[in-house]
Amino acid sequence: MTRKPLHLFTLLLHFLLILPGVGFAASSAEVSAADQPVTVDQLLGSWKLEGTSHKKGAAINPENQTWNFRSDGTLKSVAEDHRAADTISLIVKYKLEDGALLVQRIGRTGRWNRFKVLEVSDTAMMLKGGIEGFMFFKRIK
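Just so we're clear, the structure is a prediction, and the values are computed from it rather than from any experiment. (Residues numbered from 1 in each chain as written. Predicted model: local features only at pLDDT ≥ 70, side-chain atom pairs only at ≥ 80, totals over all residues. Heavy atoms only, no water.)

Undergrad: Hey, could you run me through the overall build of the protein in this one?
TA: The number of helices and strands found in the protein is 2 helices and 9 strands. Along the protein, from the amino end to the carboxyl end, the secondary structure elements read α-β-α-β-β-β-β-β-β-β-β. Per-residue burial for the protein yields a buried fraction of 37% across its 141 residues. By sequence separation, contacts in the protein at least 24 residues apart represent 52% of the contacts at least 6 residues apart. Accessible surface, the protein: about 8300 Å² in total, of which carbon and sulfur atoms supply 53%. (Helix = DSSP H or I, 4+ residues; strand = E, 2+ residues; numbered from the N terminus. Buried < 20%, exposed > 50% of the residue type's maximum accessible area, 1.4 Å probe, protein only. Contact = heavy atoms within 4.5 Å. Areas by Shrake-Rupley, 256 points an atom, 1.4 Å probe, with all protein chains shown as cover.)

Undergrad: Any chance you could explain the side chain of Thr74 here in plain terms?
TA: Residue position: Thr74 is located in strand β4 (residues 74–79). Polar contacts involving the side chain of Thr74 include one to the side chain of Asp72, which spans 2.6 Å. (Polar contact = N/O pair within 3.5 Å; in protein donor to acceptor, adjacent residues only side chain to side chain.)

Undergrad: How should unusual backbone geometry be read in this particular structure?
TA: Comment: phi is negative for the bulk of residues other than glycine, and the bulk of peptide bonds are trans. Its identity is not glycine, yet Asp98 carries a phi of approximately 55°, on the positive side. Assignment of secondary structure puts Asp98 in the loop between β5 (88–97) and β6 (100–104).

Undergrad: Help me out: how do you make sense of the environment of Lys93 in this one?
TA: Structurally, Lys93 can be placed in strand β5. Since its relative accessible area comes to 48%, Lys93 is described here as partly exposed. In this structure, Lys93 is in contact with Gly73, Thr74, Leu102, Val103, Gln104 and Trp112, ignoring residues within four places of it in sequence.

Undergrad: Would you mind showing me how to read the packing of aromatic side chains here?
TA: For any two aromatic rings, the description comes down to two numbers: the centre-to-centre distance and the angle of the planes. Applying the stated criterion across every chain, the model contains 4 aromatic pairs. Judged by centre distance (6.1 Å) and plane angle (65°), the rings of Trp67 and Phe69 are edge-to-face. In terms of burial, Trp67 and Phe69 fall into one category: buried. Aromatic pair Trp67 and Phe137: ring centres 4.8 Å apart, planes at 55°, arrangement tilted. (Phe/Tyr/Trp six-rings, centres within 6.5 Å; stacked < 30°, edge-to-face > 60°.)

Spelled out as structure tokens, the structure:
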């Protein structure tokens with residue numbers, strides 16, 4: 001049986017469109033959109049995307065990605081895809097606008113993926129948006 005080669009662009013596009021999530025732990029520093037807008041300082045650092053779910057409270061689909069928010073407005077995303085020979089690493093721009101996290105789309109100049117920041121704390125973050133639905137992250141120390 002011959003395997004069809006995967007195109008790098010297809011892998012990168014899949015990587016950016018299917019950004020999965022993580023289990024969530026609340027803390028006293030938790031912020032929700034209803035309380036106050038999220039700040040860049042709350043996002044800075046590395047986050048492990050543990051899984052995604054199309055509905056809140058539904059089963060979580062495991063993921064293996066790391067997002068590193070940098071102070072210069074760039075986001076380094078590293079993912080392990082079982083179909084690829086190596087990890088996939090991308091650097092894109094991000095920004096906060098009206099309480100939402102906007103992440104630059106690869107190959108789509110001026111286009112952004114929009115994620116609503118539902119919760120963020122010192123240890124966990126939950127986003128909602130795109131085809132991923134709910135995305136669950138844990139902070140990497």
